[in-house]
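# Descriptive structure summary
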Amino acid sequence: MKPETMAIHVGYDGDPTTKAVAVPIYQTIAFQFDSADHGAALFNLEVEGNIYTRIGNPTNTILEKRVAALEGGVDALSVSSGMASIHYSIINIAEVGTNIVSLPQLYGATYTLLASVLPRQGIQGRFAASDSPEDVEKLIDENTRAVFCESVGNPAGNVADIEGLARVAHKHGVPLIVDNTVATPILLRPIEYGADVVLHSMTKFMGGHGTTLGGMIVDGGHFPWIKYPDRYYMLTKPEPSYHGVVYTEHYGAAAFVARCRTVCQRNTGSTLAPLNGFLLLQGVETLALRMERHVENARKVAEFLRAHPRVEWVNYAGFPDSPLYPMAHRYLGDRFCSLLTFGVKGGFEAGRKCFDAFRLFQRMVNMGDAKSLTCHPASTTHRQLSPEEQAKVGVTPEMIRLSVGIEHIDDILADLDQALNKAIV
Ligand SMILES: *Cc1c(COP(=O)(O)O)cnc(C)c1O
């Protein structure tokens with residue numbers, strides 16, 4: 001099946017008892033055992049089935065199968081947020097005394113997780129000097145447990161060299177974990193380029209309507225954990241907290257995500273609510289169509305802004321003269337993401353005036369909604385940083401970030417034009 005078809009059909013072809021056509025919301029905590037023996041067989045992992053919603057729920061299972069298929073993975077685990085997916089994918093294989101090597105530009109909360117939350121638990125986040133695989137390789141040592149990157153950085157829009165990063169990670173016997181939130185599997189499938197684990201904030205484009213927080217961990221199924229039995233002993237040796245199961249033996253290619261479920265999720269509980277699983281399924285059904293429109297609208301917005309007399313600069317990966325273009329073109333072809341930034345002529349005051357004048361674009365810190373969204377980092381998300389610190393993370397006083405929605409392009413451009421024309425200082 002092609003992605004457009006998978007997004008609508010994988011994992012569900014009608015409920016056998018009720019004949020319900022839409023995926024039912026299994027709003028239940030527990031599932032009945034037929035007998036003591038059946039319960040024991042479920043707990044022994046001898047038969048498949050549901051036990052308790054913290055560990056798994058049939059509504060979420062369908063979403064998991066669908067996203068795994070879209071990404072070309074072997075299995076997936078849904079969780080309560082994008083941040084939970086990042087946290088679990090790290091604590092699943094890292095422990096005190098180990099480190100994670102990352103690209104330097106990351107989503108804010110991911111940066112904080114690696115730079116200050118995990119270090120207090122003995123897991124060090126290391127940030128490469130640049131996006132280049134050579135700089136990443138310099139930080140890998142015998143205690144490294146994974147290389148981490150965002151396929152397309154939020155908010156910088158930089159596109160990672162996934163093939164190059166996978167090559168250096170695999171050379172040192174560690175997996176590459178890729179956050180694919182901004183691109184979605186419609187624009188880019190990191191597993192095809194060597195990624196081992198793919199993560200999503202389902203909250204953004206995948207859900208697509210700004211209503212539902214969720215996350216996903218997709219297991220690519222290719223990483224040879226058993227080649228490094230001591231480094232990844234939690235997957236290759238008997239798990240004491242789960243009556244001695246050996247994940248690589250019992251689950252084969254899906255060992256990583258199986259342990260995320262039965263150890264991380266079962267015992268710390270960042271579970272996706274079944275109702276949210278249902279809402280995210282509605283979003284995924286139309287993902288391919290929405291992405292087409294997001295991509296097309298973003299290109300027209302970028303071209304419009306570049307030609308506008310009140311605009312100083314536009315940062316859009318789809319312009320061939322953009323420094324982002326070579327990598328973006330290699331991994332995204334000619335479909336560039338709908339996250340872009342631009343600078344209004346006249347500095348901070350002009351940026352603020354333009355931002356305040358938007359009528360269709362809504363002011364907030366989110367992206368990937370059907371609605372067009374905007375954010376003025378210097379007066380909001382990055383306000384506490386000094387101008388020097390802002391410059392270091394790529395934020396300038398006049399910068400405005402857009403997440404271009406799927407409204408009619410004429411209305412989007414009209415709003416930008418009227419707002420820019422009010423940004424005179
Ligand atoms: C939003 C976002 C996250 C965090 O996702 P939540 O669902 O808000 O927890 C992680 N990574 C990227 C790239 C994001 O944009």
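Residues numbered from 1 in each chain as written. Predicted model: local features only at pLDDT ≥ 70, side-chain atom pairs only at ≥ 80, totals over all residues. Heavy atoms only, no water.

### Here we look at the overall build of the protein
- When helices and strands are tallied, the protein shows 17 helices and twelve strands.
- For the protein, the C-alpha radius of gyration of 22 Å lies close to 22 Å, the compact-globule estimate for 425 residues.
- With the principal axes as the frame, the protein shows a C-alpha extent of 75 × 55 × 35 Å.
- Burial statistics for the protein: of 425 residues in total, 55% are counted as buried.
- Considering only intrachain contacts with a sequence separation of at least 6, the fraction spanning at least 24 residues in the protein is 72%.
- Of the charged side chains in the protein, 37 are positive and 45 negative; the average position of the first set lies 4 Å away from that of the second. (Helix = DSSP H or I, 4+ residues; strand = E, 2+ residues; numbered from the N terminus. Rg over C-alpha atoms; globule rule 2.2 N^0.38 Å. Buried < 20%, exposed > 50% of the residue type's maximum accessible area, 1.4 Å probe, protein only. Contact = heavy atoms within 4.5 Å. Lys, Arg positive; Asp, Glu negative; His and termini not counted. Charge placed at Lys NZ, Arg CZ, Asp CG, Glu CD.)

### Some details on the side chain of D219
- In this structure, D219 sits in strand 7 (residues 215-219).
- R261 is the oppositely charged side chain nearest to the buried, salt-bridge-free D219, at an N-O distance of 10 Å.
- A distance of 3.2 Å separates a polar side-chain atom of D219 from the backbone nitrogen of F256. (Salt bridge = Lys/Arg side-chain N within 4 Å of Asp/Glu carboxyl O. Polar contact = N/O pair within 3.5 Å; in protein donor to acceptor, adjacent residues only side chain to side chain.)

### Thoughts on the nonpolar core
- L176, I217, V301, L305, L332, F342 and L402 are the most contacted members of the largest nonpolar core, which has 123 residues in total.
- With eight residues, the top contributor of residues to this core is helix 13 (residues 287-307).
- Two domains each provide a minimum of three residues to this core, namely domain 1 (11-283) and domain 2 (287-420).
- With residues up to four places along the chain from it excluded, the contact list for L402 reads V301, L305, S338, L339, L340, F342, F358, F361, L373, T374 and L416. (Core = buried A, V, L, I, M, F, W, Y, C linked by side-chain atoms within 4.5 Å. Domains from an automatic or database assignment.)

### Section: unusual backbone geometry
- The backbone phi angle of K19 is positive, close to 65 degrees, even though this residue is not glycine.
- Looking at the element boundaries, K19 is found in the loop between helix 1 (3-9) and helix 2 (36-43).
- Phi at L45 takes a positive value of approximately 65 degrees, unusual for a residue other than glycine.
- Tracing the backbone shows L45 in the loop between helix 2 and helix 3 (58-71).
- With relative accessibility at 16%, the residue L45 sits in the buried group.

### A word on the site of the ligand
- In the vicinity of the ligand, 15 residues are found, and the nearest of them are G82, D179, S201, T203 and K204.
- Between the ligand and S201 there is a distance of 2.8 Å, counted from an oxygen atom to a side-chain nitrogen or oxygen.
- Against a free-state accessible area of 380 Å², the protein chains account for coverage of 94% of the ligand.
- A per-class count over the shell around the ligand returns five nonpolar, seven polar and three charged. (Near = heavy atom within 4 Å. Areas by Shrake-Rupley, 256 points an atom, 1.4 Å probe, with all protein chains shown as cover. Nonpolar A, V, L, I, M, F, W, Y, C, P; charged D, E, K, R; others polar.)

### Observations regarding the sheet that holds strand 6 (residues 197-201)
- Taken in spatial order, the seven strands of this open sheet run 1-7-6-5-4-2-3, and their pairing is mixed. The open sheet has two edge strands with one neighbour each: strand 1 (75-79) and strand 3 (123-127). Neighbour-to-neighbour, the strand axes of the sheet open up by a mean angle of 20 degrees, direction not taken into account.
- Alignment of strand 4 (residues 144-150) against strand 5 (residues 176-179), held across four bridges, turns out to be parallel. Bridge pairing in strand 5 links V147 to L176.
- Against the sheet, helix 4 (residues 82-91) contacts strand 1, strand 2 (98-102), strand 3, strand 4, strand 5, strand 6 and strand 7, and its axis sits at roughly 155 degrees relative to strand 6. (Pairing = 2+ DSSP bridges. Axes fitted to C-alpha atoms, helices over the stretch in contact; angles between N-to-C directions.)

### Quick word on the packing of aromatic side chains
- Under the defined criterion, the tally for this structure stands at 13 aromatic pairs.
- Ring geometry for W225 versus F256: centroids 5.6 Å apart, planes at 15 degrees, classification stacked. With W225 in the loop between strand 7 and helix 9 (233-236) and F256 in helix 11 (residues 255-268), this residue pair connects regions lying 31 residues apart in the sequence. A single burial state applies to W225 and to F256, both of which are buried.
- Measuring from ring centre to ring centre gives 5.2 Å for F358 and F361, while their planes differ by 45 degrees; the resulting arrangement is tilted.
- Judged by its relative accessible area of 2%, F361 falls in the buried class.
- Within the aromatic cluster, the residues linked to one another by ring pairs are F223, W225, Y228, Y232 and F256. (Phe/Tyr/Trp six-rings, centres within 6.5 Å; stacked < 30°, edge-to-face > 60°.)

### Comments concerning a nonpolar patch on the surface
- A cluster of nonpolar side chains, namely I25, L275 and L279, defines an oily patch on the protein surface of about 220 Å² accessible area.
- Among the structural elements, I25 can be located in the loop between helix 1 and helix 2.
- Here I25 falls in the partly exposed class, since its relative accessible area comes to 35%. (Patch = residues over 30% accessible without salt bridge, like charges linked within 9 Å, V, L, I, M, F, W, Y side chains within 5 Å.)

### Brief notes about the domain arrangement of the protein
- For the protein, the domain assignment lists domain 1 (11-283) and domain 2 (287-420).
- Each of domain 1 and domain 2 has a C-alpha centre, and these two points are 30 Å apart.
- Of the roughly 2400 Å² buried between domain 1 and domain 2 on both sides combined, carbon and sulfur atoms contribute 64%.
- Broken down residue by residue, the surface that domain 1 buries against domain 2 is led by I186, L187 and F205, which jointly contribute 31%.
- Here domain 1 and domain 2 share two salt bridges between them.
- Between E163 and R330 there is a salt bridge, with the nearest N and O atoms lying 2.7 Å from each other.
- Viewed at the interface, domain 2 and domain 1 are joined by eleven residue pairs in polar contact (both at pLDDT 80 or more).
- Elements that contribute at least two residues to the side of domain 1 that touches domain 2 include exactly helix 7 (162-171) and helix 8 (184-187). (Buried area = accessible area lost by both parts, 1.4 Å probe.)

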